[in-house]
Amino acid sequence: MHYFLTLGREHLTERDAKRAKSRIETGESAIWKPDFNRGQLLPAVLLLEELNIRYFLQAGIMFRGSDVELQNLKALAVKHRYFIRDYLGVSVSEGLSEIAIAQTLLSKLGLKLTYVGRMGSREKRERVYQFIEPKDERDVVYQQWQNRVVGVHQ
């Protein structure tokens, strides 16, 4: 999902269409909707875009629960919690902190915000998080996927 949210976004519609066509053909025009819907990534990616989750994938930015962006994320996530449950398979509630909601959504991409310390005066101290690019070599895999897709279209 991370690939289709970032580098492979332009290929997502084609991917979902191919998958749908394959399901219809192998199911002899009869498909089970829950399985079909679960296999389509476009609704989940559109939802993550609506939540502006890519903002939290910027290295070097410090995030605190009081940040406007995190407040907006929480408000939108709570508003769309039923879509989040249906399309991403995770639950979001009013009782979760802003950081917990961000972490829950980022976990769907295999990512997270890393705790880097606390800031503020003793009375108003807040935990601070930062996105640190994972060292799992997903960028190498993504580049291979990009090369394969470009090779197919040439």
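The shown structure was predicted, so the numbers you read here are calculated from the model rather than taken from an experiment. (Residues numbered from 1 in each chain as written. Predicted model: local features only at pLDDT ≥ 70, side-chain atom pairs only at ≥ 80, totals over all residues. Heavy atoms only, no water.)

### So, the overall build of the protein chain
Consideration 1: A tally of helices and strands in the protein chain yields eight helices and three strands.
Consideration 2: What you see in the protein chain, going N to C, is helices and strands ordered as α-α-α-α-β-α-α-α-β-β-α.
Consideration 3: Considering only C-alpha atoms, the protein chain reaches an extent of 65 × 35 × 20 Å along its principal axes.
Consideration 4: Looking at the protein chain residue by residue over its 154 residues, the buried ones come to 33%.
Consideration 5: Put simply, 60% of the contacts in the protein chain that link residues at least 6 apart link residues at least 24 apart.
Consideration 6: Within the structure as shown, the protein chain displays about 9800 Å² of accessible surface, and the carbon and sulfur contribution to it stands at 51%. (Helix = DSSP H or I, 4+ residues; strand = E, 2+ residues; numbered from the N terminus. Buried < 20%, exposed > 50% of the residue type's maximum accessible area, 1.4 Å probe, protein only. Contact = heavy atoms within 4.5 Å. Areas by Shrake-Rupley, 256 points an atom, 1.4 Å probe, with all protein chains shown as cover.)

### What about the environment of K74?
Consideration 1: Tracing the chain through its elements places K74 in helix α5 (residues 68–79).
Consideration 2: Take K74: its relative accessible area is 14%, and that puts it in the buried class.
Consideration 3: For K74 and G110, which are 36 residues apart along the polypeptide, the C-alpha to C-alpha distance reads 20 Å.
Consideration 4: Beyond its immediate sequence surroundings of up to four residues, K74 is in contact with E94, L96, E98 and I101.

### With respect to helix α7 (residues 98–107)
Consideration 1: Every buried residue of α7 is listed here: E98, I99, I101, A102, L105 and L106. The buried residues of α7 occupy an angular sector of 160° when projected down its axis, which confines them to one face.
Consideration 2: Taken together, the buried residues of α7 touch β1 (62–63), α5, α6 (81–88), β2 (113–119) and β3 (126–131). (Arc of directions from axis to C-beta.)

Geometry only, nothing functional implied.
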